[in-house]
Amino acid sequence: LTGLCPLAGPSPTSSIHVYTQREVYGTVGSHVTLSCSFWSSEWISEDISITWHFQAEGSRDSISIFHYAKGQPYIDDVGSFKERMEWVGNPRRKDGSIVIHNLDYTDNGTFTCDVKNPP
């Protein structure tokens, strides 16, 4: 996964490289860590944001399940992940990882980590 972050004016584009595991396996009732590390060509801004999205297997829709912004984690308070998610990342260490507890069959799908480091 690669995110691009354009700079103002005609300057060259700076990039953020986001690294995740291609596949993660877990068993029902257990927990799994979804790793998200990143590298930025710019210093890590106070305005860094990290968003995790989930697309259920067989679905066309993706939903936001977690957001980190302004130094605070925000776990979505609706949906099937609301009481099962734990923020274990640390943006200063270039880590946006989360843990999902009490796995269920309905958790099968695609999780995407999106990192933005303004400007």
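Look above for the structure.
Here's what I pulled together on the structure shown here. (Residues numbered from 1 in each chain as written. Predicted model: local features only at pLDDT ≥ 70, side-chain atom pairs only at ≥ 80, totals over all residues. Heavy atoms only, no water.)

### A few points about the sheet that holds strand β3 (residues 32-34)
How we decide: Any two strands between which DSSP finds at least two bridges are classified as paired. In this description a helix means any DSSP run of H or I spanning at least four residues, a strand means any run of E spanning at least two, and both kinds are numbered starting from the N terminus. Between the N-to-C directions of two axes lies an angle of 0 to 180 degrees, each axis being a line fitted to C-alpha atoms and, for a helix, fitted only over the stretch in contact.
Spatial ordering of the open sheet is given by β3-β9-β8, a layout of three strands whose pairing is antiparallel. Looking at the sheet topology across the chains shown, the edges are occupied by β3 and β8 (85-87). On average, each strand axis in the sheet is inclined to that of its neighbour by 25°, with strand direction left out of account. Pairing of β3 with strand β9 (residues 98-100) involves three bridges; the strand directions are antiparallel. Counted as the bridge partner of T33 is V99 from β9.

### Looking at unusual backbone geometry
Residues other than glycine predominantly adopt negative phi, and peptide bonds predominantly adopt the trans conformation. Rules: Burial classes follow relative accessibility: with a 1.4 Å probe on protein chains only, a residue under 20% of its type's maximum area counts as buried, one over 50% as exposed, and anything between as partly exposed.
In this structure, the amide linkage connecting P118 to the following residue, P119, adopts the cis form with an omega of 10°. Mapped onto the fold, P119 is located in the segment after β10 (109-116). Even without being a glycine, N102 presents a positive backbone phi close to 50°. Examined against the element boundaries, N102 turns out to sit in the loop between β9 and β10. A relative accessible area of 48% means that N102 is categorised as partly exposed.

### Looking at the state of the cysteines
Stated precisely, the cut-off is as follows: Cysteine sulfur pairs qualify as disulfides if the two atoms are within 2.5 Å.
Tallying each qualifying case throughout the model produces one disulfide. Between the sulfur of C36 and that of C113 lies a disulfide, 2.0 Å long from S to S. As the torsion about the S-S bond is roughly -70°, the C36-C113 disulfide counts as left-handed. With C36 in strand β4 (residues 36-40) and C113 in strand β10, the pair connects residues that are 77 residues apart, well separated along the chain. With respect to burial, C36 and C113 carry one shared label: buried.

### Some words on the side chain of N117
Selection rule: Identification of polar contacts relies on pairs of N or O atoms within 3.5 Å, with a donor-acceptor requirement for protein atoms, meaning one able to donate a hydrogen and the other able to accept it, and with residues adjacent in sequence counted only if both atoms are side-chain atoms.
By the secondary structure assignment, N117 is in the segment after β10. Within the structure, N117 has its side chain in polar contact with the side chain of S40 (distance 3.1 Å). In this structure the side chain of N117 is engaged in a polar contact, spanning 2.8 Å, whose partner is the backbone nitrogen of S45.

### Focus: the packing of aromatic side chains
Here is the rule we go by: Each aromatic pair joins two rings of Phe, Tyr and Trp (for Trp, the six-membered one) with centres within 6.5 Å, and gets the label stacked for planes under 30 degrees apart, edge-to-face for over 60, and tilted for any other angle.
Overall, the coordinates contain five aromatic pairs when judged by the stated rule. Look at F54 and F111: their rings are 4.6 Å apart centre to centre, the planes differ by 40°, and that puts the pair in the tilted class. Separated by 57 residues along the polypeptide, F54 in strand β5 (residues 49-56) and F111 in strand β10 bring together distant segments of the chain. Ring geometry for F81 and F111: centres 5.8 Å apart, planes at 75°, overall edge-to-face. Here F81 is found in the loop between β7 (72-75) and β8, whereas its partner F111 is found in strand β10, with 30 residues between them in sequence. The structure contains a cluster of three or more aromatic residues connected by ring pairs, namely F54, F81 and F111.

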